[in-house]
Amino acid sequence: MTEPLLSVDNLRTYFSTEEGIVRAVDGISFDLAPGERRGVVGESGSGKSVTAMSIMGLIEPPAGEIVTGEILFRGQNLLSLGEDEMQDIRGGQIAMIFQDPMTALNPVYTVGDQLVETIVLHQDVSKTEAREIAIQALDDVQIPNAKEKLFDYPHQFSGGMRQRVMIAMGLSCNPELLIADEPTTALDVTTQAQIMDLMLQLADDRGTAVLLITHDLGVVAGFCDTVQVMYAGGIVEAGTADDIFYNPQHPYTWGLLGSMARLDAVQQDRLHSIAGTPPSVIDLPPGCRFRPRCAFATDICGRILPQLREAGNEGQTVACHHADEMDLKTLAVDSSDRIVKQDEVVS
Amino acid sequence: MLAYITRRLVYGLVTLLALSMVVFGLLQASGGGPLNRLRLNPRMQDLIQELTELWGLDKPVYQQYLTWLKNYVTPEEFGLQNAIPIVMVLAAVGGTFLIARYMKSHWKGGVILLMWVVAIIVSVANMNIEFNWGVSFQGGGSVWDLVFSRAGATFRLGFTALFLALLIGIPLGIYQAVRQYSFFDQLGTVGAFLMFSTPIFVVGIGLQIVLALYLEKWTGVKVFYVAGMNEPGYGDLSFWGQMKDTLQHLMLPAISIALISLAGYARFQRASMLEVLHSDYLRTAKAKGLPRRTIIVKHALRNALIPIVTLVSIDIAFIIGGAIITESIFGWPGLGSLYITAIDTVDYPLVMAIVMIIGIGIVIMNIVADIMYGVMDPRVRYE
């Protein structure tokens, strides 16, 4: 196995609020190989974005704080770097694309200004050369008349075009890792696929690894090599995209897949949902965090927090005490469209 | 944009017309009248009769108003020599529109716009126009001359105070926002509310007692004067002597006004900066790897200053009217103290002249504020 590009080890990021400490990310570990595309899926509040912000060093103390953990990027612990060294990595070696392109660009500077600024910052080029690179970058993301668009302000672009600009900005310095935090969520459905295709094509051309944060399983299925499923601040299951989609081991993953709208489902007229709501990450229940919503929960689940261990296919890991024993196929849907065990279905 | 400004000017004229009617009506309705004090003296009856006829006080109110309006807007002297400044103004306005239309960068456009504004002000200042704004009922001097003899003092005080308030208030607000909830921020907040809630006469008199009276008593050196604008014998002083004398008189009233308005600027700048600091595009700037300094100065400040422009423009409009209380406390010979005397003595022509100057100032500065908004923020478009 090759040396991982990014290796996150036991990362914990907590936020202090008036109600208590929010354990947004609570002890997650994963590796990312060079050029790998990894999907991070989970519900809102599962800690996906905070993971990304922690890697970028964008967690602002005193509100949020990385309490423990290591984030090794090419063998270097990002958490031990000074602000100056981190600035070189941000935008230069790790770039990030945000969810809402409508507000992610500074409204008072032209798109060209903002692109050139990034390029001059990370590459040893003059302003004129940077402008050439910027034009090329806009060309690459298929923005027509790139040369003229350089002088336009962000408000003169549509949402999809702005996200293209963000992608151009992110990739203009040829980063080794691109973190995309729900890059298409705020966009029109028709442009979503185009933008995804474009982003991943460009990342491929440059050999850039991608950490794609999304709650859209369809996007993950189409674009990612590996997937990690997050729930209430922890990773509950990780593996290749095929593992996750065809051989899910965790009841939560199964529930997520079941709640997806599918074109090939014939008789299904309503979407399933997972019973209950995610726990508040302020007062986490002891033991497994999914227990209150899980059909297989037993005593041990209430006492001990399950750690990731191998289960299912080779290389697939899952955080569940009963991963090997339970048969997810025995799950069924009851009259109120909730997922329960087959023998519990009341009709 | 030309259409926009024209429309705004027309609205402004309507506003001013309404303002003049309301104020004129209120003055008439307030009872008494300028000659009331004379009535106590039985030997003045002939004079009252004479003045009433001379000033047209016996005519119906609407007729008095129309006479006033006609005089107010008709230039008395208008020589041919004014042709040059007028042509200059027109050229400046036209040139500005051409530049605004063909400029790509908003900053360059803004700088040139500012240069044109200065050119217009200089041209207007050199114009030789005089209006017949009537005679003051007290003393009988020309209202026009009276107002312009006081305007310089008011401008000197007002703009010094504004300069001080901006110089301290804006950086203070920015610093507070950047170091939110730090000790300094809390201190600034408490200080600002303290300044805000202290009436200006307390600040003014306090400064007079401490910095003018006690400071001299303790040190034996005269640092600040209690009141007035210049000492007698000012004209005989050397240039530096005049400068020193001017500052010794000017600083106390200017600081009094500045202290209160800088509290407002600091609060406003802090709020506007905080909003920008929490915006998505600042997170983008940070994610690009920009140094903190660049993020604050280039990306945050430029956005956070936009709302301040409106505040400053409106403040300038009020400066034109003079600082009534401060001028009275410090015996400053400005428009504010003239205004308050005029109201006390029901001096219609003088009150109307000053009210209209304030009104014109507010209308023009509002338009200027809107144009500046468009210069600062590329999203703003004029329809």
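Residues numbered from 1 in each chain as written. Chains lettered and ligands numbered in written order. Predicted model: local features only at pLDDT ≥ 70, side-chain atom pairs only at ≥ 80, totals over all residues.

**Observations regarding the interface of chain A and chain B**
Worth spelling out the cut-off: Two residues qualify as a contact pair if the distance between their C-beta atoms, derived from the backbone, is within 7 Å. Strands here are runs of E lasting at least two residues and helices are runs of H or I lasting at least four, both read from the DSSP assignment and numbered beginning at the N terminus. Residue type decides the class: Asp, Glu, Lys and Arg count as charged, Ala, Val, Leu, Ile, Met, Phe, Trp, Tyr, Cys and Pro as nonpolar, and the leftover types, Gly among them, as polar.
On the side of chain B, 19 residues touch chain A, which itself brings 22 residues to the contact. When contributions to the side of chain A that touches chain B are tallied by element, the ones reaching two or more residues are α2 (83-89), α3 (101-104) and α4 (111-122) of chain A. The greatest single-element share of the side of chain A that touches chain B, amounting to three residues, is contributed by α4 of chain A. Broken down by class, the residue content of the side of chain A that touches chain B amounts to 11 nonpolar, eight polar and three charged.

**Overview of the domain arrangement of chain A**
Residue and element names in this part refer to chain A. The cut-off we apply is this: Segmentation of the chain into domains, including their bounds, is taken from an automatic or database domain assignment.
For chain A, the assigned domains read domain 1 (6-228) and domain 2 (247-344). Measuring from the centre of the C-alpha atoms in domain 1 to the corresponding centre in domain 2 gives 30 Å. Facing the 10 residues of domain 1 at the interface are seven residues of domain 2. Counting residues per element, the side of domain 1 that touches domain 2 draws most heavily on strand β2 (residues 20-32), at five residues. A breakdown of the residues in the side of domain 1 that touches domain 2 according to their chemical character gives four nonpolar, three polar and three charged.

**Concerning the packing of helix α9 (residues 239-277) of chain B against helix α12 (residues 306-320) of chain B**
Residue and element names in this part refer to chain B. Rules: Every axis in this analysis is a line fitted to C-alpha atoms, fitted for helices over the stretch in contact. Angles between the N-to-C directions lie between 0 and 180 degrees. Angle categories: roughly parallel below 35 degrees, roughly antiparallel above 145, roughly perpendicular from 65 to 115, and oblique for all the rest. Crossing chirality is assigned from the near helix's rotation relative to the far helix, an anticlockwise turn below a right angle marking it left-handed and a clockwise turn marking it right-handed.
Running from N to C, α9 and α12 cross one another at 160°; their axes reach a closest spacing of 10 Å. Of the possible angle classes, the one that applies to α9 and α12 is roughly antiparallel. Between α9 and α12 lies a crossing whose hand is right-handed. Seen from α9, the contacting residues are Ser261, Phe268, Gln269 and Ser272; seen from α12, they are Pro307, Ile308, Leu311 and Asp315.

**Quick notes on the environment of Val8 of chain A**
Residues and elements named next belong to chain A. Structurally, the position occupied by Val8 is in strand β1 (residues 6-17). Residues Val8 and Gly27, 19 residues apart in the sequence, show an inter-C-alpha distance of 9.6 Å. Those residues within four positions of Val8 in sequence are excluded, and the remaining contacts are Ile28, Ser29, Phe30 and Ile71.

**Quick look at the sheet that holds strand β6 (residues 94-97) of chain A**
Residue and element names in this part refer to chain A. Here is the rule: Strand pairing requires that DSSP identify at least two bridges connecting the strands.
Sheet architecture is open: eight strands sit in the order β6-β7-β8-β3-β9-β10-β12-β11, paired in mixed fashion. Two strands bound the open sheet, and with one partner strand each, they are β6 and β11 (309-310). Relative to strand β12 (residues 317-318), strand β10 (residues 234-240) runs antiparallel, the two being bridged by two bridges. The residue of β12 that forms the bridge with Glu237 is Val318.

**Comments concerning the pairing of β6 of chain A**
Residues and elements named next belong to chain A. This is how it is decided: Field definition: a residue is buried when 20 or more other C-beta atoms are found within 10 Å of its C-beta, exposed when 12 or fewer are, and partly exposed for counts in between, with C-beta atoms placed from the backbone.
A two-sided burial pattern is seen for β6, the buried positions comprising Ile94 and Met96 on one face and Ala95 and Ile97 on the other. As judged from the four bridges shared by β6 and strand β7 (residues 177-181), these two strands associate in the parallel manner. When the sheet's bridge partners are listed, Ile97 is paired in β7 with Ala180.

**Considerations on the sheet that holds strand β4 (residues 64-73) of chain A**
Two orientations exist for strands paired in a sheet by backbone hydrogen bonds: parallel and antiparallel. Residue and element names in this part refer to chain A. Read from one edge of the open sheet, four strands run β2-β1-β4-β5, paired in antiparallel fashion. Each of the sheet's edge strands pairs with one partner strand only, and the pair in question is β2 and β5 (76-77). When β1 meets β4, the two strands line up antiparallel, connected through eight bridges. Counterpart to Val8 in the pairing with β4 is Ile71. Its contacts with the sheet put helix α1 (residues 48-56) on β1, β2 and β4, and the angle it makes with β2 is roughly 70°.

**Quick notes on the environment of Ser172 of chain A**
Residues and elements named next belong to chain A. For Ser172, the location among the structural elements is in the loop between α7 (159-171) and β7. Counting along the chain gives 53 residues from Ser172 to Ile119, while the straight-line C-alpha distance between them is 6.7 Å. When sequence neighbours within four positions are dropped, the list of residues in contact with Ser172 reads Leu115, Thr118, Ile119, Ile133, Ala134 and Ala137.

**Here's the deal with unusual backbone geometry**
All names here are of chain A. For Gln142, which is not glycine, the phi torsion reads 60° and is therefore positive. Judged by local crowding, Gln142 falls into the partly exposed class, with 13 C-beta atoms found within 10 Å. Phi is positive for Ala232, which is not a glycine, with a value near 50°. By secondary structure assignment, the location of Ala232 is in the loop between β9 (226-231) and β10.

**Here's the deal with the pairing of β9 of chain A**
All names here are of chain A. With six of its six residues buried, β9 lies for the most part within the structure. A two-sided burial pattern is seen for β9, the buried positions comprising Thr226, Gln228 and Met230 on one face and Val227, Val229 and Tyr231 on the other. Pairing between strand β3 (residues 37-41) and β9: four bridges, direction parallel. When the sheet's bridge partners are listed, Val41 is paired in β9 with Val229. Bridge count between β9 and β10: six bridges; the pairing is antiparallel. Each residue of the ladder has a partner; that of Met230, found in β10, is Ile235. The loop that links β9 with its antiparallel partner β10 comprises two residues; one of these, Ala232, has a positive phi angle of about 50°.

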